[in-house]
Amino acid sequence: MRKLLALLVTLVVVALGCGEPPKGVTLWHPYRGGEEEALKLAVLRFEQERGVKVTSLFIPYEAYIAKLEAAIPRGNGPDVFLGPHNRIGEYVLHQLIGEAGDALPESELARYEPITVESITFRGKRWAVPLASKCVALYYNPRFYTAPPKTLEEIVAKKGQLGHGVFPLAYEAESEYFHASFLHAYGGKMFDPQVEGGFAMEGEAAEKSLLMAKELVGSGVVPEEASGDLVKQLFASGKAGAVMSGPWLAADLKDDLDYRVTPLPTIAGVGPMRPFLTVDGAFLTPEGAKSADARALARSFGSDASAFERATIGKQVVATRSYWALEDDGKPNRQLEILRAFHDAVPGAIPIPVSTAMNPVWDPVKNAIRKVIRGAATPRDALAEAKARYEDVMREPKAAESPAPLLVVVGLVLLAAAFGVVRRVRAPGFAREFRAGKPAYKYVLHAALVIFVLVVLPLVAGAITSFFAGPRDQARFVGLANYVEILTARGKPLLSNGSFYLTLLVTVVWTVLNVIGHVGIGLVLGIALARPMLKLRAAYRVLLILPWAVPSYVTALAWKGMFHRQFGAINAILVALGAEPISWFSKFSTAFAANVATNVWLGFPFMMVVVMGALTSISKDVLEAAEVDGATRWQTFRLVTLPLLKPTLLPAVVLGSVWTFNMFNVVYLVSGGQPDGTTDILVSEAYRWAFARNAQLGYAAAYAVIIFGVLALMSRTLGRIGGSEAKA
């Protein structure tokens, strides 16, 4: 009996031990450094107070949205996640979030800054617990400005008074995010859900704001083509008296740099500059919204204790009002002064609209700003073009069609394939050949399976996606409508800006010029380095292979910096030679040349290595025979060496052509499609349709299928040419 009881007790203990552990709460966040440290303290306190395990996971911001969209619908995502409010519309559309509910009860709304509560409210519902706000303010150097500049005119008046090469103001003048401060000052908007279509950047206010930006850059008050890194460098090095930037800049500035922060100034006679506002919030997923523990965790992040830690350790401009009501201890506190300056700027800021129709506004507006600042268009024409492009992107996709015709075609193709297989199997000798080849099939089976899973299945999935249109959760079958839209240039002239045919032409020219550069330079250097009498040959080889060894995006960003209008090395050399500096990205010819130069630099080492390898396979007897016959060096190269190199070079040329045809990194990072998207190639155009133009994945997939077809045709043609020459 005792043994039986012992056995039962053991089974019960084992059963309890093997039971599913408490689920707890899963938290995702993109915070690093001090922000992450403060978040960990809040999580630890919640676990101690409530006795609930919290699994906290950091996700890099670059992959944050993609992981949320992939994991939450499949039930593998978090219960609570932190993120900016401006994606609420997208989250709601894709059912990634649930209402905040009792995580943000009505009785606690007064604890938060009103504008932050307004930001996380969409369609009359609250979707997050507001945590912190971010907006642009004015950093200024007290060496140049003894008091905070109150008007933009005070800053402009400093032109020429701050010393040689010092700009009174620096900001990313071509960025639509930073330009919004000027636009709002004049009473304009980029997007208004109350306006038909949503695009609202038009009219007198928008035109005046563009003229102001053009005047600031044209007069030298603001540097040309300024990026975020350049703004930081200018301010840190004392070459800019003031800069417009957000709280993130403070983290990149050295502690010994003397600076102050104040809200953006007023434009005299116009109004205060009003930047866009972003509010970080604690969101609940649909599953998390059902969990009392998850709601409690989100609520705890808005507590006074958590707000204090996030402000003092994470250096956040917290949304909880109690922190800002604390009295100073009277001691100088530079960090608190900076946070207070950004906090003072918050009431004047304008929350970024959360509608999904807002995202497609950014790109056309950016192009309009660039065109006006560079003098390529008047504000009215640039804005009219931006509006037309926005409306083109937001155009309703074709009505849903029946998939029956396509299924019939697919069925016929499969039937034909099955007929072919049966015919092949019934052919005389097939069984014998199959049995003989069995050992070989075993060797390649695993490779075939890997290729099928990693290559064939994604291709099939992409091809199927190309037959759909509309948002991901409301996609509808439209048959070949996406292909028709692409191949008919969306009803516009075939060679109009952004059309498939113009982009294809640019891509072909881009590929041809690059491959010529790769092969030409690679051939010359390969032959030179193959000479046995060359001294330091090994050192030269290592140095010339370096461009290929460095990651392409690093090289692309380095070359982009060298092509900068004011501070680039290329223009510095031109000026030293007595030439005028060039605005490389303001014209198609110069921007395209910059892209080609960068990619040739990246690609010639590959061809050089191929040539050096191929030269080792050429027999010395052949070359000596040509020399004995009296051939000159040029004749030996043209009639002997080059023909023998062709069989090796041709596959390399095919491979290089495919790589260049799809070289996204260089085009995206160097010119970014400037000017006006004219230097975009097919693959970067497909990317923009997928990720910058209202996420039209079906349309982008159709682009990808067409690119695949073009490359397959090109490879086949080059292969035939190579085969014909070999036979000859």
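Figured I'd write up the structure that's included with this text. (Residues numbered from 1 in each chain as written. Predicted model: local features only at pLDDT ≥ 70, side-chain atom pairs only at ≥ 80, totals over all residues. Heavy atoms only, no water.)

What follows concerns the overall build of the chain. For the chain, the count of helices and strands is 30 helices and 15 strands. Its C-alpha atoms put the chain at 100 × 95 × 55 Å along the principal axes. Looking at the chain as a whole, 44% of its 728 residues qualify as buried. By sequence separation, contacts in the chain at least 24 residues apart represent 74% of the contacts at least 6 residues apart. Put simply, the chain shows about 37600 Å² of open surface, and 63% of that area lies on carbon and sulfur atoms. (Helix = DSSP H or I, 4+ residues; strand = E, 2+ residues; numbered from the N terminus. Buried < 20%, exposed > 50% of the residue type's maximum accessible area, 1.4 Å probe, protein only. Contact = heavy atoms within 4.5 Å. Areas by Shrake-Rupley, 256 points an atom, 1.4 Å probe, with all protein chains shown as cover.)

With that settled, the discussion passes to the nonpolar core. One finds Leu27, Val80, Phe81, Ile88, Tyr139, Tyr259 and Phe301 to be the most contacted residues of the largest nonpolar core, which totals 82 residues. For this core, the element with the most residues is helix H15 (residues 334-345), which contributes 6 residues. Counting 53 residues, the second-largest nonpolar core is a separate cluster that includes Met190, Phe191, Ala206 and Met273. (Core = buried A, V, L, I, M, F, W, Y, C linked by side-chain atoms within 4.5 Å.)

A few words on the side chain of aspartate 280. Among the secondary structure elements, aspartate 280 is positioned in strand E12 (residues 276-284). When its relative accessible area of 7% is taken as the criterion, aspartate 280 is described as buried. Here the side chain of aspartate 280 touches tyrosine 31 through a polar contact of 3.3 Å, side chain to side chain. Excluding its chain neighbours within four sequence positions, the residues that come into contact with aspartate 280 are Tyr31, Gly83, Pro84, Val129, Pro130, Leu131, Ala132 and Lys134. (Polar contact = N/O pair within 3.5 Å; in protein donor to acceptor, adjacent residues only side chain to side chain.)

Okay, the sheet that holds strand E9 (residues 260-262) next. Spatially, 3 strands are ordered E8-E7-E9 in an open sheet, and the strand pairing comes out antiparallel. Whereas interior strands pair on both sides, the edge strands pair on one side only; in this sheet they are strand E8 (242-245) and E9. Here the average twist between neighbouring strands, direction ignored, is 30°. (Pairing = 2+ DSSP bridges. Axes fitted to C-alpha atoms, helices over the stretch in contact; angles between N-to-C directions.)

Turning our eyes to something else, we now look at the packing of aromatic side chains. Enumeration according to the criterion identifies 37 aromatic pairs in this entry. Seen in terms of ring centroids, phenylalanine 167 and phenylalanine 567 are 6.3 Å apart; in terms of plane orientation they differ by 70°. Their pairing is edge-to-face. In this pair, phenylalanine 167 is assigned in the loop between helix H6 (152-156) and helix H7 (176-185) and phenylalanine 567 in the loop between helix H23 (552-562) and helix H24 (569-576), connecting sequence segments 400 residues apart. Residue phenylalanine 167 is classed as buried on the basis of its relative accessible area of 11%. Here the aromatic cluster, defined as three or more aromatic residues joined through ring pairs, consists of Phe500, Tyr501, Trp689, Tyr699 and Tyr703. (Phe/Tyr/Trp six-rings, centres within 6.5 Å; stacked < 30°, edge-to-face > 60°.)

Another point: the packing of helix H21 (residues 500-529) against helix H25 (residues 588-615). Two elements in contact, H21 and H25, have axes separated by 6 Å at closest approach and are oriented at 40°. Taken together, the axes of H21 and H25 are oblique relative to one another. When the axes of H21 and H25 are compared, the crossing they make is right-handed. (Parallel < 35°, antiparallel > 145°, perpendicular 65-115°, else oblique. Left-handed = near helix turned anticlockwise from the far one by under 90°.)

Let us look at unusual backbone geometry. Look at the link from glutamine 674 to proline 675: it is a cis peptide, with omega at -10°. Mapped onto the elements, proline 675 comes out in the loop between helix H28 (664-671) and helix H29 (682-691). Phi at aspartate 676 is positive, roughly 60°, even though this residue is not glycine. Classification of aspartate 676 by relative accessible area gives buried; the value is 13%.

The subject of this paragraph is a nonpolar patch on the surface. Taken together, the side chains of Val450, Ile451, Phe452, Val453, Leu454, Val455, Val456, Leu457, Leu459, Val460, Ile464 and Phe708 define a hydrophobic patch exposed on the protein surface, amounting to about 1000 Å² of accessible area. The element contributing the most residues to the nonpolar patch is helix H19 (residues 430-465), with 11 residues. (Patch = residues over 30% accessible without salt bridge, like charges linked within 9 Å, V, L, I, M, F, W, Y side chains within 5 Å. Salt bridge = Lys/Arg side-chain N within 4 Å of Asp/Glu carboxyl O.)

Our focus in this paragraph is the pairing of strand E2 (residues 54-58). Strand direction decides the pairing type here: strand E1 (residues 25-29) and E2, joined by 5 bridges, are parallel. Across the sheet, tryptophan 28 pairs through a bridge with leucine 57, a residue of E2. A crossover links E1 with its parallel partner E2, the connecting element being helix H2 (residues 33-50), and its sense is right-handed. (Right-handed = clockwise from strand over helix to strand, strands pointing away.)

With 18 residues, H2 should cover 26 Å at 1.5 Å per step; its first-to-last C-alpha distance of 26 Å lies within 8% of that length. Residues of H2 that are buried: Glu35, Ala38, Leu39, Ala42, Val43, Phe46 and Glu47. Buried positions along H2 lie against E1, E2, strand E3 (80-84), strand E6 (128-135), helix H12 (292-301) and helix H13 (304-312). Two residues or fewer after H2 comes glycine 51, characterised by a positive phi angle close to 70°. (Expected span 1.5 Å × (residues − 1).)

What follows covers the pairing of E12. Taking burial as the measure, the 9 residues of E12 include 9 buried ones, the bulk of the element. Here E12 shows two buried faces, one formed by Phe276, Thr278, Asp280, Ala282 and Leu284 and the other by Leu277, Val279, Gly281 and Phe283. With 5 bridges connecting them, E3 and E12 associate as antiparallel partners. Across the sheet, the residue bridging to proline 84 is aspartate 280, located in E12. By the bridge criterion, 7 bridges tie E6 to E12 in an arrangement that is antiparallel. Counted as the bridge partner of alanine 132 is aspartate 280 from E12. Bridge count for E12 against strand E13 (residues 350-351) is 2 bridges, and the pairing is parallel. Within E13, the position partnered with leucine 277 by the bridge is proline 351.

A separate point is the pattern of salt bridges. It is possible for side chains of opposite charge to pair when their charged atoms get near one another. A full pass over the atoms with the stated rule returns 30 salt bridges. Here aspartate 304 and arginine 111 are joined by a salt bridge, their closest N and O atoms 2.8 Å apart. Of the two residues, aspartate 304 sits in helix H13 while arginine 111 sits in the loop between helix H4 (88-93) and helix H5 (114-119), which places them 193 residues apart along the sequence. For aspartate 304, a relative accessible area of 41% gives the class partly exposed. Here arginine 111 falls in the partly exposed class, since its relative accessible area comes to 24%. Between lysine 387 and glutamate 202 there is a salt bridge, with its nearest N and O atoms 3.3 Å apart. You can see lysine 387 sitting in helix H17 (residues 379-393) and its partner glutamate 202 sitting in the loop between H7 and helix H8 (204-218), a full 185 residues away along the chain.

Turning next to the environment of serine 219. Following the sequence through the fold, serine 219 ends up in the loop between H8 and helix H9 (228-236). Overall, the relative accessible area of 36% leaves serine 219 in the partly exposed class. Measuring from C-alpha to C-alpha, the distance between serine 219 and arginine 395 comes to 39 Å, with 176 residues separating the pair along the chain.

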